[in-house]
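Fold and geometry: a report
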Amino acid sequence: MSWQVATVADVRQETETARTIVLDVPDWPGHLAGQHLDVRLTAEDGYRASRSYSIASAWANSHSSTIELTVEQVPGGEVSPYLVEVLKVGDPLEIRGPVGGWFVWKPEQEGPVQLIGGGSGVVPLRAMLRAHAVAGTTPVRLLYSVRRPESVIYVSDLKELAASDAVDVRLVYTREAPAGEPRVGRIDADLIEQYALKPEDGATTYVCGPTPFVETVANLLVAAGHDPARVRTERFGPTGGPR
Amino acid sequence: MGIVSPGFTGRRGSGADLPPGQYLTHEFPVLSAGPTPQILTDHWEFTVTTETGEKYKWDWAALTALPAEEITKDIHCVTRWSKLQTTWKGVSLDTLLADVETGADFAMAHSYGGYTTNLPLDDLLDGQSWIAYEYDGEPLHAEHGGPARLLVPHLYFWKSAKWVRGLVLSDSEDLGFWETAGYHEYGDPWKEQRYAGD
Ligand SMILES: Cc1cc2nc3c(=O)[nH]c(=O)nc-3n(C[C@H](O)[C@H](O)[C@H](O)COP(=O)(O)OP(=O)(O)OC[C@H]3O[C@@H](n4cnc5c(N)ncnc54)[C@H](O)[C@@H]3O)c2cc1C
């Protein structure tokens, strides 16, 4: 797997601090929903920094050469502020991927799917929702934890998906909820009990987000009787991140 | 040197001698593929199975009765953080394997929870690896692999299997969990062996 140069075809501001970058990648081999790629930045003098980003879009077909990333800006971060604030349409961007074969959903996989995301952890889950909309037949649910209504990434996309019978979307607000939503607080045992698929449903659960979020949710799932082997996690590294 | 990213300057300046592509962190990030297994030391057991099927076993009391070492090493995660001068306590694999009869070249580490990772046996010997059960003077927390994990600091940290429960020795090299999922079979941070083929 070697580095290749992609071109920024479009950018979309998702929230005040997150944006989606549409990349044109001439020789993209395709990917599975949930995989990530590495982005490498090089300064004038050759200094380099790389980070991993989940692929937000599903692999549509072999004729399409665009993929999407969604990056949440981490204050004081080295790479994410550049991707969110500096990179612009027409710029080149070095990438390498796709990578990862565990935190993935495949259409031929049996059983319902429970997705649980915190903050930018929704990115690979969105790829799974998109892939599922094309090829999935089993039920899928998304439980998405955000700070406040303005922090929701993919608002219109999620509304559209939620309108379909196959997908159930539930938002959890940790700091501030919209009018008519009384609950403010983190995901806890009650909420898992109420909104997540049950162990006996035979669901595979995908949990993604900042490390403490994933740790808490995965522990709650196991305590609720879920088989650890059916709980897949992806932790977004050292960042305290949004939750 | 590839393409320049217009307007990118970078943070730089940790001053530390890190493997290429790594940055310094003072936190202790957690990365694993599933929920954190909660293993009680009462139930903990470590086995070494040789290529002929012979088994050697240690329970918690047996492990902690062995001579332990204080280890201070830099660690490097494939997700690009490095942490310097981390301190551990544990039993050297030289001690554990001293009486094990084997001519095997490879080891597969197995963990509670089902995780596996492969290593050349040579990389586990000669003071290069430990079964660690203390971090920074305290019992190793479950989220960092407690009660005990493999510690192989000279390779990317995914080789330092958390919640380790055994080694299976073999003449041929099989691939472990991440190695099967596209990561490098060996994982030398100084050579940036992240993905298969690097
Ligand atoms: C498999 C995977 C997939 C991912 N997918 C996504 C995704 O889809 N979207 C997304 O937004 N993120 C994703 N991430 C996280 C992403 O890779 C980066 O970690 C994130 O963007 C932060 O990078 P950064 O360079 O901006 O911050 P960093 O420079 O890495 O800093 C992170 C934090 O640590 C502090 N810090 C660390 N080192 C120093 C230092 N030397 N000096 C000062 N402060 C320091 C920073 O202040 C900041 O708070 C993913 C991570 C992984 C592992």
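Here's a quick rundown of the structure. (Residues numbered from 1 in each chain as written. Chains lettered and ligands numbered in written order. Predicted model: local features only at pLDDT ≥ 70, side-chain atom pairs only at ≥ 80, totals over all residues. Heavy atoms only, no water.)

A negative phi angle characterises most non-glycine residues, just as the trans form characterises most peptide bonds. In this structure, Pro98(A) follows Gly97(A) across a cis peptide bond, with omega equal to 0 degrees. With respect to the helices, strands and loops of the structure, Pro98(A) is situated in strand S6 (residues 92-99). Omega for the peptide link from Gly146(B) to Pro147(B) comes to 10 degrees, which places this bond in the cis form. Its identity is not glycine, yet Trp163(B) carries a phi of approximately 50 degrees, on the positive side. Looking at the element boundaries, Trp163(B) is found in the loop between strand S10 (149-151) and strand S11 (164-170). Here Trp163(B) falls in the buried class, since its relative accessible area comes to 7%. (Helix = DSSP H or I, 4+ residues; strand = E, 2+ residues; numbered from the N terminus. Buried < 20%, exposed > 50% of the residue type's maximum accessible area, 1.4 Å probe, protein only.)

Along an α-helix, residues three or four apart share an orientation, since each turn contains 3.6 residues. Residue and element names in this part refer to chain A. End to end, helix H5 (residues 211-223) covers 18 Å across 13 residues, agreeing with the expected 18 Å (1.5 Å per residue, within 8%). Turning to H5, its buried residues are Thr211, Phe213, Val214, Glu215, Val217, Ala218, Leu220 and Leu221. Taken together, the buried residues of H5 touch strand S7 (113-118), strand S8 (140-146), helix H4 (189-195), strand S10 (204-209) and strand S11 (231-235). At the exit of H5 stands Gly225, carrying a positive phi of roughly 100 degrees. (Expected span 1.5 Å × (residues − 1). Contact = heavy atoms within 4.5 Å.)

Residues and elements named next belong to chain A. Contact pair helix H2 (residues 122-135) / helix H3 (residues 155-162): the axes reach a minimum separation of 12 Å and the direction vectors enclose 40 degrees. Comparing the axis directions of H2 and H3 gives the class oblique. In this structure, H2 crosses over H3, and the sense of that crossing is left-handed. Residues Arg126, Leu129, Arg130 and Ala133 of H2 form the contact with H3, whose own contacting residues are Asp157, Leu158, Glu160 and Leu161. Within the contact of H2 with H3, the residues separate by chemical class into 4 nonpolar, no polar and 4 charged. (Axes fitted to C-alpha atoms, helices over the stretch in contact; angles between N-to-C directions. Parallel < 35°, antiparallel > 145°, perpendicular 65-115°, else oblique. Left-handed = near helix turned anticlockwise from the far one by under 90°. Nonpolar A, V, L, I, M, F, W, Y, C, P; charged D, E, K, R; others polar.)

Moving on, we get to the packing of aromatic side chains. Tallying each qualifying case throughout the model produces 16 aromatic pairs over all chains. Ring geometry for Phe46(B) versus Trp58(B): centroids 5.9 Å apart, planes at 40 degrees, classification tilted. Separated by 12 residues along the polypeptide, Phe46(B) in strand S2 (residues 45-49) and Trp58(B) in strand S3 (residues 55-59) bring together distant segments of the chain. Trp58(B) shares its class with Phe46(B); the two are buried. Here Trp81(B) and Phe157(B) contribute two aromatic rings whose centre-to-centre distance is 6.4 Å and whose plane-to-plane angle is 75 degrees, an arrangement assigned as edge-to-face. On the criterion of sequence distance, the pair formed by Trp81(B) in strand S5 (residues 81-92) and Phe157(B) in the loop between S10 and S11 is long-range, its members being 76 residues apart. For Phe157(B), a relative accessible area of 7% gives the class buried. One aromatic cluster is present, formed by Trp102(A), Tyr115(B), Tyr156(B), Trp158(B), Phe177(B), Trp178(B), Tyr183(B) and Tyr195(B) through successive ring pairs. (Phe/Tyr/Trp six-rings, centres within 6.5 Å; stacked < 30°, edge-to-face > 60°.)

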